Amino acid sequence: MLISWNTTKRCNLFCRHCYRESGPQADTSGELTTAEGLSLLKEIKAAGFHLLILSGGEPLLRDDIVELVAAAKAEGLIPAMGTNGVLLTPDLAKALASAGLRGIAISVDSLDPAYHDAFRGQSGAYAKTQAGIENALAAGLRVQINLTLTEQNQGEFDKMVSYYEQKGVHAIHPFFLVPTGRARSMGEEELKASAYFSMIRNILERQSSTALELKPTCAPQFMPMAKELGLAQRFTRGCLAGTAYCCILPHGDVHVCPYLPVAVGNVRQTPFSALWRDSGIFNKLRDFANYEGRCGQCADIAICGGCRARAYFYSGNYLAEEPWCFRR
């Protein structure tokens, strides 16, 4: 099981698609303190989670981020991080590795600096991010590239695989755009229908020719498609929201996933382990008989699940059918 903790809403960039609507001017008052974070880590472990993803906003803006990484490791969790990489200096990368950070996911949206910088809202971000990748690799961290796919940059995927396998990166996870947060205004750029499934197939087939781990994210139909293509997967299910994954926001609200703005409670009022165990929302998601439409009738619901965030955006119902499913 894995969990994301958005450690802060503040970010040094202002990305077009940010699900948390983060930026340099974000209000950080009332965010979980170091002491609250340390207690939360114990609760996360007690709930049975193994992999902790520290993200944001930009987690490297937290002064206590190295301390939190070390504490997570001491609790028996596997600490990882999602970052834009801009602030990842050689010394900070080494400090994170020494504290026990196992891996780091760094966002890159194109090998074209102009596209990346425009998408991330800051001139020069691309060069700093590439330096951050090099610093992470030099520190011995497992490096994953997170690529947010849109209609404009879908052609970048194969180029990035070729480029980053030469760099010694370990994985590329293409994220399929979900219209939530600031991305609500980007619906026309979301891959849909044939483009959506063509890209999933491309990612699955490209895996056979590279040592990089390639995983379609927010595209849970990759699991039944892989089954139909006879391609083995180490993953167990496409959408893990509420079943083996959830997200904790900077102020302690617990959401089903970062892209699905449905709260199940707050860790300041209820221990996280109790929320994970007892939440009616989580328990509905764990019983596939509750899923509606074609998802509820699908023989592959156990390995797919449909994107709950995309279902929610288009219908207002997180149990509704996945709108881009090819089983129609």
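Conventions used here
- Residues numbered from 1 in each chain as written.
- Predicted model: local features only at pLDDT ≥ 70, side-chain atom pairs only at ≥ 80, totals over all residues.
- Heavy atoms only, no water.
- Axes fitted to C-alpha atoms, helices over the stretch in contact; angles between N-to-C directions.
- Helix = DSSP H or I, 4+ residues; strand = E, 2+ residues; numbered from the N terminus.
- Parallel < 35°, antiparallel > 145°, perpendicular 65-115°, else oblique.
- Left-handed = near helix turned anticlockwise from the far one by under 90°.
- Contact = heavy atoms within 4.5 Å.
- Nonpolar A, V, L, I, M, F, W, Y, C, P; charged D, E, K, R; others polar.
- 1 Å grid on protein atoms, 1.4 Å probe; cavity = no way out; pocket = protein on both sides within 12 Å on 5 of 7 lines; lining within 4 Å.
- Points joined across faces, edges and corners; volume = space filled by probe spheres on them.
- Phe/Tyr/Trp six-rings, centres within 6.5 Å; stacked < 30°, edge-to-face > 60°.
- Buried < 20%, exposed > 50% of the residue type's maximum accessible area, 1.4 Å probe, protein only.

Participant: Hey, could you run me through the packing of helix α2 (residues 65-74) against helix α3 (residues 90-99) in this one?
Facilitator: To describe two helices that pack against each other, one gives the angle between their axes and the distance between the axes. At a minimum axis separation of 8 Å, α2 and α3 run at an interaxial angle of 20°. Comparing the axis directions of α2 and α3 gives the class roughly parallel. Remark: the crossing between α2 and α3 carries right-handed chirality. For the pair α2 and α3, the contacting residues are V66, V69, A70 and K73 in the first and L92, A95, L96 and A99 in the second. For the contact of α2 with α3, the residue count by class is 7 nonpolar, no polar and 1 charged.

Participant: Got a minute to help me understand the layout of surface pockets in this structure?
Facilitator: Picture a little ball the size of a water molecule; that probe, rolled over the atoms, points out where space is still empty. When its volume is computed, the second largest pocket comes out at roughly 260 Å³. As for the second largest pocket, its lining consists of 19 residues, of which Y19, R20, E21, T180 and P261 are closest to the centre. Counting only elements with at least two residues in the lining of the second largest pocket, the list comes to β9 (253-257) and α12 (308-315). When residues of the lining of the second largest pocket are assigned to their parent elements, the largest contribution, 3 residues, is made by α12.

Participant: Looking at this structure, I do not really get the packing of aromatic side chains. What am I missing?
Facilitator: To describe a pair of aromatic rings, one takes the distance between the centres and the angle between the planes. Under the definition given, this model contains 11 aromatic pairs. The interplanar angle of 65° and the centroid separation of 5.0 Å between the aromatic rings of Y19 and Y259 together place this pair among those described as edge-to-face. Here Y19, found in the loop between β1 (2-6) and α1 (34-46), pairs with Y259, found in the loop between β9 and β10 (260-266); they are 240 residues apart in sequence, far enough to count as distant. Comparing Y19 with Y259 shows no difference in burial state: the two are buried.

Participant: Just checking my understanding: could you explain unusual backbone geometry for this structure?
Facilitator: Residues apart from glycine generally show negative phi values, whereas peptide bonds are mostly found in trans. For the peptide bond that leads from G56 to G57, omega is 15°, which places it in the cis range. Looking at the secondary structure, you find G57 in the loop between β2 (51-55) and α2. Phi at E21 is positive, roughly 50°, even though this residue is not glycine. For E21, the position within the fold is in the loop between β1 and α1. In this model, C218 sits at a positive phi of 60°, which is unusual for a non-glycine residue. Inspection of the secondary structure assignment puts C218 in the loop between β7 (213-214) and α8 (222-229).

Just distances and angles here, no functional claims.
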